[in-house]
Amino acid sequence: MELSQQIALVESQEELLQFDHFSNRDAWELGKILAEEALGKKIPIAICIRTMSGKTLFHFTAEGSNRGSQDWIDRKFNTVQHFETSTLAYSLFLKKRGKTLSERGLDPTRFVDCGGGFPIVVRSAGLVGAVMVSGLTDLEDHDVLVRCISKYLGKENVPHYPTKDP
């Protein structure tokens, strides 16, 4: 898949996976779907849902996840919060420009250029939060988010990003 197609696919996911509303209850329900995915498939991931102010609404760590996953979640949150897009979209943005985080003036210990962070956008309000998953490859982390958000929103036919490097 060409880079322009990858970018278009992620943009499509972000457009399709927007919310009509998002409350603490919604965070709980979405978080439970993600946790059930981790438990049911024995996926060693950490999951976190935060508001844009950084308040944690949901957090879960599955068996096999480690402290490093928490560090990745923090960096993924910073990236979504700063750029108001998914971490995979920002990674593709950098790839298209042939740049690195450092070349863009960003501290790679605070930001990431990989998948696993997704914006929570409410149609009538804009960006209100972010959901992050860490513990798999970045493309698998992104796919878990897309599958679970799609399930929560009852959206079918959301395109999936290839989980193996093209």
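Conventions adopted
Residues numbered from 1 in each chain as written. Predicted model: local features only at pLDDT ≥ 70, side-chain atom pairs only at ≥ 80, totals over all residues. Heavy atoms only, no water. Helix = DSSP H or I, 4+ residues; strand = E, 2+ residues; numbered from the N terminus. Rg over C-alpha atoms; globule rule 2.2 N^0.38 Å. Salt bridge = Lys/Arg side-chain N within 4 Å of Asp/Glu carboxyl O. Buried < 20%, exposed > 50% of the residue type's maximum accessible area, 1.4 Å probe, protein only. Contact = heavy atoms within 4.5 Å.

Draft legend 1. Molecular detail of the overall build of the protein. A tally of regular secondary structure across the protein gives 5 helices and 4 strands. Secondary structure elements of the protein, listed N to C terminal, follow the sequence α-α-β-β-α-α-β-β-α. Computed over C-alpha atoms, the radius of gyration of the protein comes to 15 Å, within 12% of the 15 Å expected from 2.2 N^0.38 for 166 residues, which places it in the range of a compact globule. Each principal axis of the C-alpha atoms in the protein carries an extent, and together these give about 40 × 35 × 30 Å.

Draft legend 2. How the structure looks around the pattern of salt bridges. If you walk through the whole model with that rule in mind, you get 9 salt bridges. The closest approach of N and O atoms between Asp74 and Arg50, which form a salt bridge, is 2.6 Å. Of this pair, Asp74 sits in helix H3 (residues 67-83) while Arg50 sits in strand E1 (residues 46-51); the two residues are 24 residues apart in sequence, bridging distant segments of the chain. On the accessibility criterion, Arg50 (10% relative accessible area) is buried. The partner of Asp143 in a salt bridge is Arg147, with the nearest N and O atoms 2.9 Å apart. One end of the pair, Asp143, and the other, Arg147, are both in helix H5 (residues 138-153), 4 residues apart, so they sit about a helical turn from each other. With a relative accessible area of 28%, Arg147 lands in the partly exposed category. One connected set of salt bridges, linked through shared partners, spans Glu37, Lys41, Asp143 and Arg147.

Draft legend 3. Representation of the environment of Arg104 in the model. Tracing the chain through its elements places Arg104 in the loop between helix H4 (87-97) and strand E3 (117-122). Under the relative-accessibility criterion, Arg104 is labelled partly exposed at 41%. When the C-alpha atoms of Arg104 and Leu94 are compared, they prove to be 8.7 Å apart, with 10 residues separating the residues in sequence. Not counting residues up to four positions away in its chain, the partners in contact with Arg104 are Tyr90, Phe93, Leu94, Arg97 and Lys99.

Draft legend 4. Fine view of H4. Burial in H4 covers these residues: Thr87, Leu88, Ala89, Tyr90, Ser91, Leu92 and Leu94. Turning to H4, the residues buried within the fold contact helix H1 (3-16), H3, E3 and H5. Backbone geometry just downstream of H4 places Gly98 in the positive-phi region, at approximately 65°.

It is worth stressing that arrangement in space is one thing and function is another; only the former is reported here.
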